Amino acid sequence: MSQLDEAVARFQKLLESEPYKDLGWAEALAERMQAEHLTQGGRLICPFLRPNFITRRQYATIVKAAEALFSAIDRVKQMALANPALLARMELLPAEKMLASIDPGYPFLAVTSLLGTHLTNGSLYFVEYNADTPIGVAYGEALADLFYEAPPVKEFRKRYNLQKLGGKKHLLAALLKAYKQFGGKKSPNIAILEFRQPFHSGAQGEYLLLREYFRSEGYPTEIVTPDQLDYRRGVLRRGNFEIDLVYRRVKAQEFLLRYDLSHPLVRAYREGKTCVVNSFRSELAHKKAIFDLLTDDSIMASFPVAERKAIQQYIPWTRVVSATKTTYQGQTIDLPEFVLKNREKLVLKPNDDSGEHHSIRGWESDDASWERALKRAMRTPYVVQEKVQANYEPFPLLRYGEVEVREMQVDLHPHAYLGKVQSCSSWLSARNGGGFSSVSGLAPTFILEPKRSASANS
């Protein structure tokens, strides 16, 4: 039994013992989460009763590999901006290309970013890149603080050392560094830009946490929506609140579906009057086609050795779906024919996470449905990616006043700020599931190490 398996088994046994069989502590924890805005869509962001544990060695491996890949991704983005043929392979909309052509006023292509990571049985794969910081930074830090003091975790800490992984201060430092490079001379007013669903009257919980943190550090901050913005006489504002720095939590494609390039945000950005983080250039790598370029031998041949090694070792083979010939394991293949014949080891993923299109796993499809999916992927920008093994672990959940243990898929998300990994969150989803549901969400993430005295006595 591995160190982690033993720790998980011990924690589960602890939950089944007195006094933790009485779920008063779990109900109190849920009430604290509700009170501290750790919710999404009215549901607790964490329905789980134990944290996700990783070893220090695992975390060190993730950090080293991820930072090499962040560097390689930055290199590919620079190449694409300078090469129209490479840029065309990213399948950007014309308006996205225009926004990508605008100099944001600072040199960083991605101030914040993360990688979707599968870590299982000693294998590590990065399956998605996100030029953004989705839920996990403030939520994960707040969850770690709550769980760290929860009664069963306090008992568990008698045997194990647990290290929290927080990222709020690193996020703020990265935003401020981008603003300074942009030319900001004063302490900025910050706007957290979000889309708000019509049925949501208030801001999302994590944005509230970030707003309060930024304010506590001395930076006036408001949560705004695109409809609330106005741009006059070189100043972007929401009402009387003048905005110097926009923390953009709105994807470019979603923005362009609702607004045109005359929107106040775009005008302020184009005229260099407001610092926008991440810049619209970061959207280049938001496309899953970035993995096509990264796994193209002709492109990465000139990359530094460490980056090439990381790409070859940690990124699954990926290609944009089209009627073309390409290479697979050094052999030339007809791509549509190869996809059709090898569904058991392939997944089709939309190039954009717009919500309109979904991933199709070949091993869960029959021949007819896979053929239909391939035809759709030939018409709409999709990538095909080689299957990698996901990680599944048992997690206890509090459901209807009782403990239920579920096998959950665990996706690690190392968070990077200016290319340096500073934190990590864990997203759990039901087997073959995805998105947000009552049995998916974040779990606090801790680096776990046995205490020496406990190891000697075990």
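Further up the page is the structure itself.
None of these values were measured; they are calculated from a predicted model.

(A) Layout of the layout of surface pockets. In this structure, the second largest pocket spans a volume of roughly 700 Å³. Looking at the second largest pocket, it is lined by 27 residues, and the ones nearest its centre are Leu 4, Gln 58, Leu 119, Asn 121 and Gly 122. Mapped onto the lining of the second largest pocket, the elements with two or more residues apiece are α1 (3-15), β3 (52-55), α3 (56-82), β4 (112-120), β5 (123-130), α14 (305-314), β20 (391-399) and β21 (402-417). The residue inventory of the lining of the second largest pocket, partitioned by class, reads eleven nonpolar, twelve polar and four charged.

(B) Examining unusual backbone geometry more closely. Look at the link from Glu 18 to Pro 19: it is a cis peptide, with omega at 0°. Of note, Pro 19 is situated in the loop between α1 and α2 (24-35). Of note, the amide linkage connecting Val 277 to Asn 278 takes the cis form, showing an omega dihedral of -10°. Even without a glycine there, the phi angle at His 37 is positive, about 65°. Its place among the elements puts His 37 in the loop between α2 and β1 (39-40).

(C) Just the packing of aromatic side chains, in detail. According to the stated counting rule, one finds 17 aromatic pairs in the structure shown. A ring pair is formed by Phe 11 and Phe 53, whose centres lie 6.2 Å apart and whose planes are at 65°; its orientation type is edge-to-face. One end of the pair, Phe 11, is in helix α1; the other, Phe 53, is in strand β3, with 42 residues separating them in the sequence. Take Phe 11: its relative accessible area is 0%, and that puts it in the buried class. You can call Phe 53 buried: its relative accessible area is 3%. Measuring from centroid to centroid gives 5.0 Å for Trp 317 and Tyr 328, while their planes differ by 85°, and the two rings are edge-to-face.

(D) Representation of the sheet that holds β3 within the structure. Pairing within the open sheet is mixed, and its three strands lie in the order β3-β24-β6. The sheet is open, and its two edges are formed by β3 and β6 (160-164), each paired on a single side. Looking at each pair of strands side by side, their axes are set apart by 40° on average, direction ignored. Taken together, the five bridges between β6 and strand β24 (residues 445-450) define a ladder with antiparallel strand orientation. Bridge assignment links Gln 163 to a residue of β24, and that residue is Ile 447. Across the sheet, α3 touches β3, β6 and β24, and the angle it forms with β3 is around 80°.

Reading the values: rules and limits
- Residues numbered from 1 in each chain as written.
- Predicted model: local features only at pLDDT ≥ 70, side-chain atom pairs only at ≥ 80, totals over all residues.
- Heavy atoms only, no water.
- 1 Å grid on protein atoms, 1.4 Å probe; cavity = no way out; pocket = protein on both sides within 12 Å on 5 of 7 lines; lining within 4 Å.
- Points joined across faces, edges and corners; volume = space filled by probe spheres on them.
- Helix = DSSP H or I, 4+ residues; strand = E, 2+ residues; numbered from the N terminus.
- Nonpolar A, V, L, I, M, F, W, Y, C, P; charged D, E, K, R; others polar.
- Phe/Tyr/Trp six-rings, centres within 6.5 Å; stacked < 30°, edge-to-face > 60°.
- Buried < 20%, exposed > 50% of the residue type's maximum accessible area, 1.4 Å probe, protein only.
- Pairing = 2+ DSSP bridges.
- Axes fitted to C-alpha atoms, helices over the stretch in contact; angles between N-to-C directions.
- Contact = heavy atoms within 4.5 Å.

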